[in-house]
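Architecture and fold: a report
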Amino acid sequence: MGILENKKIAILGDRDGIPGMAIEACVKTAGAEVVFSTTECFV
Amino acid sequence: MTFPVLKGTAYTLVHTPDILVHEGKLQESEMRNSPDSDYLKAIPDHLRSFEDVVGYGPNQAYIGNIHPRDLNNIEKPWYEHPLENASTEGKFGSIMSEDMFYGCLKAVDMFELVVLDASFQEKIAKKVKEDPVIGKYWVTLDKLTENPSSVDEIKSLIEEKDAKPLYLDNELVGCIKRAHEFDAALTSDVMFENLVSKASGAYALAELFAKNDLEPDDVDYLIECSEEGCGDMFQRAGGNYAKSIGEICGCVNATGSDTRSFCAAPAHSMVEASALVQAGVYSNVVVLAGGSSAKLGMNGKDHVKKDQPLIEDCLGAFAIHVGENDGKSPVIRTDIVGKHKIGSGAAPQAIMQAIVADPLEHAGLSIKDVDVFSAEMQNPEITVPAGAGDIPSANYKMIAALGIMKKVFARSELNEVVERIGMPGFVPTQGHIPSGVPFLGHAIEMIENGDIHRTMIIGKGSLFLGRLTNLFDGISFIVEANDGHVEDDSVDKDTIRQMIAESMKQFADSLK
């Protein structure tokens with residue numbers, strides 16, 4: 001069982017790093033439930 | 001095909017510590033939500049003097065007195081190692097102080113919204129009029145004598161009419177009024193940001209005329225590409241900053257419009273300007289943008305936490321002249337434009353493929369054929385303490401990694417490639433301001449000196465911040481050395497028709 005399976009996940013992506021949507025796609029394939037996802041910009 | 005050229009640039013900074021304290025959105029919301037916060041108490045001890053700002057290496061790189069790569073030779077932190085003999089005057093522009101900028105706000109105000117204390121107004125009007133650049137190129141300096149006020153009246157405008165204060169060294173010297181009693185698009189907040197953007201943009205435009213061979217009445221078209229919106233409640237961002245800025249500098253023969261795409265807008269605007277010139281619609285197009293008061297001190301809490309100065313204390317602005325091919329200035333390759341398409345995807349690799357690799361491959365080139373890339377040139381001394389990392393460096397690593405994937409570089413070359421194609425970030429976090437185009441001034445010099453042949457300018461935009469789409473944005477274009485070929489030698493339809501007719505006539509004659 002993967003470490004993210006059946007876990008609830010909140011995602012804070014960075015537009016100059018990894019965007020929220022990309023992280024979301026990864027954690028979903030690992031069986032996690034995304035409860036919040038956003039991408040922020042610090043510049 | 002003859003390409004348009006990059007004829008000149010101007011880059012300006014305005015040191016605005018009091019605007020940072022009172023109008024920077026982070027500080028403003030802190031004052032509203034936690035007026036006794038430790039952060040607010042710590043701010044005064046972390047503000048920089050004008051001299052500190054002028055001596056700061058990245059600022060000297062922005063106005064052209066040093067190359068961004070020279071920052072590699074300055075000991076870090078750069079804010080503790082100011083440059084000796086630093087100047088407010090640079091090859092590409094200049095640095096303005098806050099008092100002077102308040103005078104500029106007054107001079108660009110067409111609706112008597114900027115109210116200044118009479119004695120301050122008189123003093124600053126003289127200074128603005130005597131300025132060799134503003135005094136020469138701004139045609140609205142008569143505004144500096146309009147509606148002088150008193151501190152008492154200014155206080156009552158702030159307390160009773162929701163005006164936004166203008167402080168200088170903590171002393172109240174003026175305010176900016178709302179432009180309508182209940183229109184949410186014309187509040188004092190909005191008018192403050194819009195007038196700041198307009199005044200700083202007009203400053204950069206004046207510097208473009210002062211530092212280059214371009215006169216105000218030669219400009220045909222202006223494209224403004226900031227991240228602000230002006231309009232009223234029925235057309236909230238109707239525009240048009242471009243014409244309002246051109247009016248200040250007496251660009252009487254120009255029209256213009258605004259282009260928006262968050263931080264990607266300058267690169268979009270450069271492509272648009274190039275297309276307009278190449279198509280022969282206009283001969284001289286200026287792409288420009290003023291700065292953002294909202295973003296001042298936006299990472300300030302982290303800077304104070306690390307006990308470093310609040311270095312997001314400057315408004316940035318730029319103006320860039322795109323003109324017809326003169327056989328000398330660097331050309332803008334309108335046939336090599338990279339775009340992040342709606343279907344490109346949001347993963348970093350997909351973004352880089354779309355805006356860097358695809359356009360080069362389409363033109364039969366590779367990443368190796370580009371000498372220098374300029375993507376997001378944010379100053380790492382601002383972003384690293386805030387946890388956002390060294391953004392230019394991250395972009396260079398991604399570009400180099402893409403090159404390794406495509407086997408144009410060996411894996412062992414990664415660090416060397418990053419150094420060769422890149423430079424340290426040197427631009428304040430003013431959103432659209434650091435986005436690729438700040439390198440263009442240096443690029444012209446490097447290309448004309450033969451130091452480099454080709455550069456790629458990349459703009460990236462966070463469209464999802466507008467909450468209309470989750471999409472990202474990105475666009476790139478290439479600037480390279482001019483081969484001196486200025487004539488359009490492509491063949492038009494009429495010529496082809498004539499050639500076919502002549503051949504057929506010759507063939508017919510041969511049958512006789």
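Read on for a plain summary of the structure. Worth saying up front: this structure is predicted, and the values here are computed from it rather than measured.

Thoughts on the overall build of chain B
Secondary structure summary: chain B contains 19 helices and 13 strands in total. When the backbone C-alpha atoms are referred to their principal axes, chain B occupies close to 100 × 55 × 45 Å. Within the span of chain B, comprising 512 residues, buried residues form 53% of the whole. Contacts spanning at least 24 positions in sequence make up 74% of the contacts within chain B whose residues lie at least 6 apart.

A closer look at the sheet that holds strand β3 (residues 114–116) of chain B
All names here are of chain B. Overall, antiparallel pairing links the three strands, which are arranged β3-β5-β4 in an open sheet. The open sheet has two edge strands, β3 and β4 (164–168), and neither has a second partner. Averaged over all pairs of adjacent strands, the angle between strand axes in this sheet comes to 30°, irrespective of strand direction. As judged from the five bridges shared by β4 and strand β5 (residues 171–176), these two strands associate in the antiparallel manner. What sits directly across from Leu-166, in β5, is Gly-174.

A short note on the interface of chain B and chain A
On the chain A side, the residues contacting the 20 residues of chain B number 12 residues. When its residues are assigned to classes, the side of chain B that touches chain A shows 11 nonpolar, eight polar and one charged.

Describing helix α18 (residues 440–448) of chain B
All names here are of chain B. Along α18, seven of the nine residues are buried, which leaves the element largely enclosed by surrounding structure. Three or more residues of α18 are buried, namely Leu-440, Gly-441, His-442, Ala-443, Ile-444, Met-446 and Ile-447. Its buried side turned inward, α18 meets β1 (5–15), β9 (314–323), β12 (454–461) and β13 (473–480). Residue Gly-450 follows α18 closely and has a positive phi angle near 80°.

Rules used in this analysis
- Residues numbered from 1 in each chain as written.
- Chains lettered and ligands numbered in written order.
- Predicted model: local features only at pLDDT ≥ 70, side-chain atom pairs only at ≥ 80, totals over all residues.
- Helix = DSSP H or I, 4+ residues; strand = E, 2+ residues; numbered from the N terminus.
- Buried ≥ 20, exposed ≤ 12 C-beta atoms within 10 Å, placed from the backbone.
- Contact = placed C-beta atoms within 7 Å.
- Pairing = 2+ DSSP bridges.
- Axes fitted to C-alpha atoms, helices over the stretch in contact; angles between N-to-C directions.
- Nonpolar A, V, L, I, M, F, W, Y, C, P; charged D, E, K, R; others polar.

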